Amino acid sequence: MSPPSSQIAAMDVLRGCAVMGILWMNISAFALPQTAYFNPAAAGPLSVGDKLFWLISFLFFDGKMRALFSILFGASMLLLIDREEMEGRDGQRAQIIRAAWLFIFGLAHYLLLWAGDILMNYALIGLIAMLFVRKEPLALIKWAFFFFLAHFLICALFIFSIHGWADAAVAPSATASIRDSFAQYIGPFTNPDDPAIRQEIVTYRGSFVAILTHHLHLFVHDWWWTFFMSAFDTLGFMLIGMAMLKGGFLTGRWEAEHYWRTARHCFLVGLPPMAALAGWLLWRNFPVVPAIGVSLAWSFPFRIPLAVGWAALILWFFTRHRQSRMTMAVARTGRLALSNYLGTSLIMCAVFYGWGLGLFSHLRPLELPLVVLCGWLFMLVWSTAWLSRFAMGPLEWLWRSLARGKAQKIRNSI
């Protein structure tokens, strides 16, 4: 999220694009049952427009925006530690305090608003990434790909276990308990009328207390599992971010043509296999186990070049149009990334949950981009208006004040 570090315009623009892009990917999780994130068919029969929304999300946003966030978090952490040490303070201690408060922010976000929080993950994984801050860029990249491999193997083993479970459930020798257990697990991914999906819809159309109770249950029983499934992925991208910062990539110091070539090569490597996977799922009408496999494991190797490609493409635009009104508006959005991330959760939950408008599972996927566009417009407008009077966002100010142990100046100097 937005770090308490020196302003780097290129990183602000990247952060603004990331916080806007992640809303596109998260909108399905705000508006639809959780299983629809992995298999859109779980939300019901899909129209051509619904499939088009899924295709755009899968090719350009799924995993790539979160990766971009992770890249920026790793770079921002390095900037913070360097700045603290240059001012004679303990940089690692400052990062530990900062991470502790970020975890508390994330826990409140998870319980009170949305169970898709990433802040707790970043707080904990950032402590591990801190062990690598002194390494050279090439060593950071090597370690990153080691963690990417670990993540891929974990996800692949999980998918193979589901395949094995599915084969056991349909075998002639399978017991009734095995068949029932598999059907209970797979049902929410295949049947919009499954009791688990119906109960989820009732919960999120219910009261704030009902949702809070549900999130408490999820945190106790599921959060550590989901943390483990994403930890190595996130750590790898944080290390990539450190390497990119040390190499000058993230600061916008490269030539525009160099960014363009990098983006072109990355998209040429990543997009064709992603498109092939998407076409396979569309052709087969989203079979449940393959759909989960593609979402969690088989698409992951291609997200790596696509995340780097997105960063390069955004920075290419930045180097050519750094003074344009759009670039500056996106940069302001990035400077308020933490406030925008949590603020959009508040707004989206108010739109979709029962304590607000109660639209959960009422909109089709095709209708969700309009909600996203409204969210983007809100972020751009309010960020510009806020920064015309204040030096940082409200949650950025709170985070920095808590980490420093005293209230920080928030108003712009006159």
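Definitions and cut-offs
Residues numbered from 1 in each chain as written. Predicted model: local features only at pLDDT ≥ 70, side-chain atom pairs only at ≥ 80, totals over all residues. Heavy atoms only, no water. Phe/Tyr/Trp six-rings, centres within 6.5 Å; stacked < 30°, edge-to-face > 60°. Helix = DSSP H or I, 4+ residues; strand = E, 2+ residues; numbered from the N terminus. Buried < 20%, exposed > 50% of the residue type's maximum accessible area, 1.4 Å probe, protein only. Lys NZ or Arg CZ within 6 Å of the ring centre and 35° of its normal. Expected span 1.5 Å × (residues − 1). Contact = heavy atoms within 4.5 Å. Axes fitted to C-alpha atoms, helices over the stretch in contact; angles between N-to-C directions. Parallel < 35°, antiparallel > 145°, perpendicular 65-115°, else oblique. Nonpolar A, V, L, I, M, F, W, Y, C, P; charged D, E, K, R; others polar.

For the structure shown, the criterion picks out 40 aromatic pairs. Considering the side-chain rings of Phe 132 and Phe 147, the 5.9 Å spacing of their centres and the 90° angle between planes classify their relative orientation as edge-to-face. Here Phe 147 lies in helix α6 (residues 137-170) and Phe 132 lies in the loop between α5 (119-129) and α6, a separation of 15 residues in the sequence. With respect to burial, Phe 132 and Phe 147 carry one shared label: buried. Ring geometry for Trp 260 versus Trp 316: centroids 4.8 Å apart, planes at 45°, classification tilted. Here the residue Trp 260 occupies a position in helix α11 (residues 256-283), and Trp 316 occupies one in helix α13 (residues 300-320), the gap between them amounting to 56 residues. Among the residues examined, Trp 260 registers a relative accessible area of 33% and is labelled partly exposed. Here the aromatic cluster, defined as three or more aromatic residues joined through ring pairs, consists of Phe 132, Trp 143, Phe 146, Phe 147, Phe 158, Trp 225, Phe 228 and Phe 232. Positioned above the aromatic ring of Phe 58, the side-chain terminus of Lys 64 is 5.6 Å from the ring centre.

Below, the discussion takes up helix α4 (residues 91-112). For α4, spanning 22 residues, the distance from its first C-alpha to its last is 31 Å, which sits close to the expected 32 Å at 1.5 Å a residue. Within the span of α4, buried status applies to Gly 91, Ala 94, Gln 95, Arg 98, Ala 99, Leu 102, Phe 105, Gly 106, His 109, Tyr 110 and Leu 111. If you follow the buried residues of α4, they end up packed against α3 (64-86), α5, α9 (208-221), α10 (223-246), α15 (337-352) and α17 (394-404).

Let's shift gears to the packing of α4 against α9. Packed helices, taken two at a time, are described by the angle between their axes plus the distance between the axes. Relative to each other, α4 and α9 sit at 125°, their axes nearing to 7 Å. Viewed along their axes, α4 and α9 adopt a mutual orientation that is oblique. Of the residues in α9, those in contact with Leu 107, Tyr 110, Leu 111 and Leu 112 of α4 are Phe 208, Leu 212, His 215, Leu 216, Leu 218 and Phe 219. Split by residue class, the contact of α4 with α9 holds nine nonpolar, one polar and no charged.

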